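Structure assessment
Below, each chain spelled out in residue letters.
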Amino acid sequence: MTTIDATIPLDTVGIRPRSTGFVHDTLTVAGRALRAVPRDLEGVIPPVLIAFFFFVVNVATLESLTEGAIEGFSYTAFQMPTAILLGVTGVSRAPALVLDVQDGYLDRLLLTPVRRGSILLGHLLADITVAAVLTVPILVLGFVLGVRFEAGPLGILVFIGMAAAWSLAFAGFGYAIALKTGNPGAVQSVFLLFFPFLFLTTSYVPREQLTPWLDTVATWNPVTYILEGLRSLALVGWQWDDIAKGLAAIAIVAAISMSMCFAALRGRVKQQ
Amino acid sequence: MNTAIVTEALSRQFDDSTAVDRLDLQIHQGEIYGFLGPNGAGKSTTVRMLCTLLGPTSGWATVCDHDVATQPDQVRTRIGVALQDVALDPKQTGAELLRLQARLYGLTRSETDKRLDDLTKLVDIGDALDRRIATYSGGMKRRLDLAAALVHNPDVLFLDEPTTGLDPVSRARVWNEVRRLNTQLGMTIFLTTQYLEEADELADRVGIIDGGRLVAEGTPVDLKRTVGQDVIIARIGSDADAAVHALHDLPEVQNVDARHDEVVISVVDGATAIGPVAIALGHAQVQIRDLTLRTPTLDDVFLDLTGARIENHDSDAQNTSSDELHSELDALEAV
């Protein structure tokens, strides 16, 4: 049996809490979230494997059909952004935040002087980092399958940045649900929200191949512009118009999701 | 004497129910204040208001001279809190959790190293610190939670039922830690408990709360003195009213309370009074099952004030007598 050593002095001279900055708090929370990722590989490995699977299968199924119909068209390069969005959408630490709520650890954080916004921003910062990393193996697979980037190495970095930014914009919905409900099941199902947006767009064929009604729906679907922005970097080069539209679509979705998740955070942490 | 915690008419309403009702407290620096009451009395709601997790519906409170509602950040830097349910992340290691806590309070790396060294010895967690918290026993989690509350060397420590669910040895260990923090560091400790012996053993002063209201406050000795010097408990098998009537006029008896099959008789000198009490009950043809003489407990105070006993929902705790805990404490202190 272990016992207390009553001879241990409680020497706390000079140890006093100090005020910390917003950036310090955010990086501290982000560091914790990132350290947890290797312990939660089930949250990041399956999306990448699913992306690999659909990338390979879609290319194998539709490549000859599309490349036969459109001269000089690389269906592999066309499919890669779809695979990337499939891989990074919904990847977030929101389920871990639900566990923090359930385990009471969020209360432990709230009892410290940490800035409340940093709790959420730290998680989002970790998410964008993870999403950027997850993009890399899918890109590598694309290169192995013959994809060449017309926009060059800088275009690859912009591509990764846009994909990660989209992941972050979508993650906001997960955090909103996590903080509002504290229900892990509800958070897991947020990915289902993405499905209609992924299919009612140019995920599988170019815009001109869509039926008129689907083309109309795709016009209003932000994922259309994100895919076109990403594809332009691989297929065309620096097509600023497409890139700007893609970034604008991400910004609009992010504005909505971030408003929702920060409102949910305020609701969760206010002294009700 | 400087005050560490002050509340005035502090109240908290949840929909139609009042959890805390116009609570007035003055807790001095360096004091261990025991907040005693049954489940649902309002203890945890009071703690959550004082540690800024919950806003008051009305009234106000200050901790270390900072208002809990308007200056929560200043309050948070001065307090440490171990809530009723341990608040830990099971996927972190103990060391990671403590280091994160230290960073959030702005401690430097060298301060954190030193603090971890001290705290791990203090709460006796040792080698387990590098293991995931998910692998810890309940007692280890409780001790790590206490260490997390102490990382930044707070002025005021809130312990919300710190020994609920612990075995007698772990409970004795927590009591020792609480005493040391108070005596060696002069830390003010606000301790809520439903265990009478815990309040009796640790607290300089005790506040008894029932139904959200503070019903009594004082040192354990003073509170028990209000009941009488000694208490005779008669378990009876007949009409309690007849027993009360029979005892009321005895000169040795200060007060009589009857509840179900139990009559609590407060007397000045138990040894002298127990004979006349037995005779009076016999004359009144009250069927006596047993007659016990003891000194008053805080439960007797609670019974005297509210007409009910503090119900202990922890079966382990119910089976743990105060004597048992004292012997465990003695054993620990002897090591």
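For the structure itself, consult the block above.
Here the structure is a predicted model, which is why all the values come from computation and not from measurement.

1. Focus: the interface of chain B and chain A
Counting residues at the interface gives 60 residues for chain B, matched by 39 residues for chain A. For the pair chain B and chain A, the two sides together bury roughly 4600 Å², of which 53% comes from carbon and sulfur. Inspection of the region where chain B meets chain A yields 18 residue pairs in polar contact (both at pLDDT 80 or more). For the side of chain B that touches chain A, the secondary-structure elements that each account for two or more residues are helix H2 (72–78), strand E6 (79–82), helix H3 (94–104), helix H4 (109–122), helix H5 (138–150) and helix H6 (168–185) of chain B. Sort the elements by how many residues they give to the side of chain B that touches chain A and H6(B) lands first, with eight residues. Here the side of chain B that touches chain A is composed, by residue class, of 27 nonpolar, 12 polar and 21 charged.

2. Quick notes on the nonpolar core
Within soluble globular proteins, side chains that are nonpolar generally end up buried alongside one another. Residue and element names in this part refer to chain B. Grouped together as the largest cluster of nonpolar side chains are 92 residues, with contacts concentrated most on Ile-5, Val-63, Leu-98, Leu-144, Leu-157, Phe-158 and Phe-190. For this core, the element with the highest residue contribution is H5, accounting for seven residues. Filtering out sequence-adjacent residues up to four positions away, Phe-158 remains in contact with Ile-5, Val-47, Leu-50, Cys-51, Val-63, Ile-79, Gly-80, Val-81, Ala-82 and Phe-190.

3. With respect to the side chain of Thr201(A)
Mapped onto the elements, Thr201(A) comes out in the loop between helix H9 (190–199) and helix H10 (212–220). Each residue touching Thr201(A), except ones within four places of it in the same chain, is listed here: Leu210(A), Ala218(A), Asn221(A), Val223(A), Thr224(A) and Leu227(A).

4. With respect to the sheet that holds strand E5 (residues 66–67) of chain B
All names here are of chain B. Across the sheet, which stays open at both edges, the four strands sit in the order E2-E1-E4-E5 with antiparallel pairing between neighbours. Edge positions in the sheet fall to strand E2 (17–28) and E5, since each has one partner strand and no second. Here eight bridges tie strand E1 (residues 3–14) to E2, and the two strands are oriented antiparallel to one another. Residue pairing for E2: Leu-10 is matched across the bridge by Leu-23. Relative to E1, helix H1 (residues 43–50) is tilted by about 120°, and along the sheet it contacts E1, E2 and strand E4 (58–63).

5. Re the pattern of salt bridges
Summed over all chains, the structure comprises 29 salt bridges over all chains. The partner of Arg48(B) in a salt bridge is Asp107(A), and the shortest N-O contact between them spans 3.2 Å. Highlighted residues: Arg48(B) in helix H1 and Asp107(A) in helix H5 (residues 105–110), drawn from two different chains. For Glu201(B), the salt bridge goes to Arg179(B), with nearest N and O atoms at 3.0 Å. With Glu201(B) in helix H7 (residues 196–202) and Arg179(B) in helix H6, the pair connects residues that are 22 residues apart, well separated along the chain. Since its relative accessible area comes to 22%, Arg179(B) is described here as partly exposed.

Calculation rules
- Residues numbered from 1 in each chain as written.
- Chains lettered and ligands numbered in written order.
- Predicted model: local features only at pLDDT ≥ 70, side-chain atom pairs only at ≥ 80, totals over all residues.
- Heavy atoms only, no water.
- Contact = heavy atoms within 4.5 Å.
- Buried area = accessible area lost by both parts, 1.4 Å probe.
- Polar contact = N/O pair within 3.5 Å; in protein donor to acceptor, adjacent residues only side chain to side chain.
- Helix = DSSP H or I, 4+ residues; strand = E, 2+ residues; numbered from the N terminus.
- Nonpolar A, V, L, I, M, F, W, Y, C, P; charged D, E, K, R; others polar.
- Core = buried A, V, L, I, M, F, W, Y, C linked by side-chain atoms within 4.5 Å.
- Buried < 20%, exposed > 50% of the residue type's maximum accessible area, 1.4 Å probe, protein only.
- Pairing = 2+ DSSP bridges.
- Axes fitted to C-alpha atoms, helices over the stretch in contact; angles between N-to-C directions.
- Salt bridge = Lys/Arg side-chain N within 4 Å of Asp/Glu carboxyl O.

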